[in-house]
Amino acid sequence: MHSVPVAGIRQLLVSGGSTMAAAEVARQMSEGARNLSLSGHVGFDSMPDQLVNKSVCQGFCFNILCVGETGLGKSTLMDTLFNTRFEGDPAAHNQPGVHIKSNNYELQESNVRLKLSIVNSVGFGDQINKEESYKSIVEFIDAQFEAYLQEELKIKRTLHNYHDSRIHVCLYFIAPTGHSLKSLDLVTMKKLDSKVNIIPIIAKADSISKNELQKFKIKIMSELVSNGVQIYQFPTDDETVAEINGTMNAHLPFAVVGSTEEIKIGNKMMKARQYPWGTVQVENESHCDFVKLREMLIRVNMEDLREQTHTRHYELYRRCKLEEMGFKDTDPDNKPFSLQETYEAKRNEFLGELQKKEEEMRQMFVMRVKEKESELKEAEKELHDKFDRLKKLHQDEKKKLEDKKKSLDDEINAFKQRKTAAELLQSQAQQSGSQQTLKREKERKNSGFL
C-alpha cells in the first residue's frame, strides 16, 4: 500500500497537474489509500475574505474637515449625512482668529464600526482682515501628518492600533451668492489642495433658483481651473464605479441642503425644510445634490479618499520633511543610496559640525580666558600703582604730622618757660607787695603812738 501526502494532493488540485499524475493519484487511492475529506475549497482566493474579516474586526476611521464661513450649515449637514445628531458644545465665535475644533464619534452600521472625526474651522471668515485665515487650517493638517510621521519613524511602532487623525476629505462650503467665488475661498483652496482631498459644495442651495445655480456651478469650476486649484476627482480607473464617478464629476460642485427635521410628505416621513412657499426635500435629487454627495462620499469613494490621503498627500509631506532632514534615495551620481548610508552620512556630517563647533567654542574660551587674564593684569597693575601712590601720600602726610608735632612740642616748651617766668615774677611781686603792706602797717602804728 502507498500513501500520498495531503500536501501533494492539494498541490495537484490547485495547480491542475498533468493527466498522468492525476491517474497515478487515482490508482494509488484505488489501491486502498485512505481518503481525506477537505473541509472547504483549497486555494488562495479566500484571501479577500480574510482581509475583509480582519478589517471588520479592526474597524475603520474617517476624518472630515469642514471649512466655510459661519452660518452655512456645516454642523447640520454632518448630522444629515450620517443620519444622527452629533452632540457637542456650541462653538463660541469670539476668538480673534480661526479656531480648529475636533470632535470624535464612534458609529456602527450592521457589524461595521467607524471612528469618525469631524473637524470644524470655527470663526473662518469672521475677521475683518482675512489674510491669514487659512494658516490655522494648514497648520492643523500638517500637525496630523507630523504626528503620523513621528509614529512611523519610531523603533517600536504601533501603527496597527494607532488612531489615524489625518484629514481624509475637506468639504469646502461655498456661500450661495450666485456670482463668483470670493478671494478668501480661492486662496484657501489653493493652499489646501496639495494637503487634502477637497470636495467643494454649495451650501444652502435652496436660496437660489435652478438656473442661477447651474450658472453658478459653471462659474465656480471655471474659476477653480483658471486659478490652478486641484479639487478631488472621483476615480474612474475602477470599472465597477467608473461610470457613476465619471457622471458625478460633471456635477461638481454639489449643491446641497441639510436638515434633521422630518416632515410627512404623502405617506412617508422625509427630511425636508418647510418654507411658506413650499417644501425642499433633502433626499430628492431634483431639489438638491445631497444624495449625490452622500453616495460619492460615503458609499462609493470613502476608501479611495483614505488611500489618496496616504499615498498622495501624506507621501508628499513625508518626502518634503525627509528631504529637509537630509535624507535622499540617490547619491550625486544618481546611484541608489540606502537609508543606512544616508544615516551614516548625516551622522558624520553632524559629528563634523559638532567637532567644528566644539573647536570654535574651545578657541573662543581660550580667547576669553586670555582677555580676562589681560584685564586682571591691568587691574592688578592699577591696584599696585594706586597702592604706591597711597603709600607715598601716607608717608608725606606722616612726615607733615611729625613736623607739626615737633613744632607743637617746641611751642609747648616755650609756653612752659614763659609760664614759669610769669609765675616767678608774680611771686616776686606778691612778696614785694606784702613787704610794702607790712611797712605801711608799721608806719601807721608808729604814727598812732605818737
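Residues numbered from 1 in each chain as written. Predicted model: local features only at pLDDT ≥ 70, side-chain atom pairs only at ≥ 80, totals over all residues. Heavy atoms only, no water.

Visitor: Please clarify how the confidence of the model for the protein should be interpreted in this entry.
Guide: Low pLDDT marks regions whose predicted coordinates should not be analysed in detail. On average, residues of the protein score 85 in pLDDT, and 86% of them are at 70 or above. Averaged pLDDT values for the elements of the protein fall to 40 in helix α1 (residues 6-15) and rise to 96 in strand β4 (residues 169-174). A low-confidence stretch, residues 1-21 stays under pLDDT 50, and its non-local contacts, those more than four residues away or across chains, total 16 contacts. (pLDDT = per-residue confidence, 0-100. Helix = DSSP H or I, 4+ residues; strand = E, 2+ residues; numbered from the N terminus. Contact = heavy atoms within 4.5 Å.)

Visitor: Mind showing me how you'd approach helix α4 (residues 74-81) here?
Guide: Three or four residues apart is the spacing at which side chains of an α-helix point the same way, because the helix has 3.6 residues per turn. Counting buried positions along α4 yields six of eight residues, so the element is predominantly enclosed. Residues of α4 that are buried: K74, L77, M78, D79, T80 and L81. On its buried side, α4 packs onto β1 (60-67), β3 (112-122), β4, β5 (198-202), β8 (268-275) and α9 (290-300). Taken from the residues just after α4, N83 is the one with a positive phi, measuring 55°. (Buried < 20%, exposed > 50% of the residue type's maximum accessible area, 1.4 Å probe, protein only.)

Visitor: Help me understand the packing of aromatic side chains, please; the structure alone is not making it clear to me.
Guide: What describes a pair of aromatic rings is the distance from one ring centre to the other and the angle between the planes of the rings. According to the stated counting rule, one finds ten aromatic pairs in the structure shown. Residues F86 and Y105 carry aromatic rings whose centres are separated by 4.5 Å and whose planes lie at 40° to one another, so their mutual orientation is tilted. Placement of F86 in the loop between α4 and β2 (99-109) and of Y105 in strand β2 is noted, with a sequence separation of 19 residues between them. For the pair F86 and Y105, a shared accessibility class is recorded, and that class is buried. Seen in terms of ring centroids, F234 and F254 are 6.0 Å apart; in terms of plane orientation they differ by 25°. Their pairing is stacked. Residue F234 is located in the loop between α7 (210-226) and α8 (239-249), and its partner F254 is located in strand β6 (residues 254-255); the two are separated by 20 residues in the primary sequence. Since its relative accessible area comes to 3%, F234 is described here as buried. Judged by relative accessible area, which is 0%, F254 ranks as buried. Members of the aromatic cluster, connected to one another through ring pairs, are F145, Y148, Y162, Y314 and Y317. It is R166 that lies over the ring of Y148; its NZ or CZ is 3.7 Å from the centre. (Phe/Tyr/Trp six-rings, centres within 6.5 Å; stacked < 30°, edge-to-face > 60°. Lys NZ or Arg CZ within 6 Å of the ring centre and 35° of its normal.)

Visitor: Mind showing me how you'd approach the pattern of salt bridges here?
Guide: Two side chains of opposite charge can pair, provided their charged atoms sit close to one another. For the coordinates displayed, the defined rule picks out 20 salt bridges. Here D164 and R166 are joined by a salt bridge, their closest N and O atoms 2.8 Å apart. Here D164 and R166 have matching classes, each one buried. A salt bridge links E359 to R362, with the shortest nitrogen-to-oxygen separation between them at 2.7 Å. Pair noted here: E359 and R362 are both in helix α11 (residues 339-449), with a separation of three residues, about one helical turn. Take E359: its relative accessible area is 36%, and that puts it in the partly exposed class. Sharing partners across several salt bridges, the network here consists of K217, E285, D289 and K292. (Salt bridge = Lys/Arg side-chain N within 4 Å of Asp/Glu carboxyl O.)

Visitor: Help me understand the nonpolar core in this model?
Guide: The nonpolar side chains of a soluble globular protein tend to be buried, and buried together. Core analysis: the biggest nonpolar cluster contains 75 residues, and I64, L171, I199, F254, L293 and L297 have the highest contact counts within it. Residue contributions to this core peak at seven residues, all from helix α5 (residues 135-152). In contact with F254, not counting residues within four places along its chain, are I199, P200, I201, I202, F234, M248, D289, K292, L293 and M296. (Core = buried A, V, L, I, M, F, W, Y, C linked by side-chain atoms within 4.5 Å.)

Visitor: Is there a simple way to think about a nonpolar patch on the surface in this case?
Guide: Residues F350, L351 and L354 make up a contiguous nonpolar surface patch of about 280 Å² in total accessible area. By the element assignment, L351 lies in helix α11. (Patch = residues over 30% accessible without salt bridge, like charges linked within 9 Å, V, L, I, M, F, W, Y side chains within 5 Å. Areas by Shrake-Rupley, 256 points an atom, 1.4 Å probe, with all protein chains shown as cover.)

Visitor: What is the right way to read the packing of α5 against helix α10 (residues 302-324) from this model?
Guide: In a pair of packed helices, the angle between the axes and the distance between the axes together describe the arrangement. Two elements in contact, α5 and α10, have axes whose closest approach is 10 Å; the angle formed by their N-to-C orientations is 80°. Accordingly, the angle class assigned to the pair α5 and α10 is roughly perpendicular. Note on element contacts: α10 touches α5 through T309, H310, H313, Y314, Y317, R318 and K321, opposite D142, F145, E146, Y148, L149 and E152. Each residue belonging to the contact of α5 with α10 can be placed in one class, and the counts come to five nonpolar, three polar and five charged. (Axes fitted to C-alpha atoms, helices over the stretch in contact; angles between N-to-C directions. Parallel < 35°, antiparallel > 145°, perpendicular 65-115°, else oblique. Nonpolar A, V, L, I, M, F, W, Y, C, P; charged D, E, K, R; others polar.)

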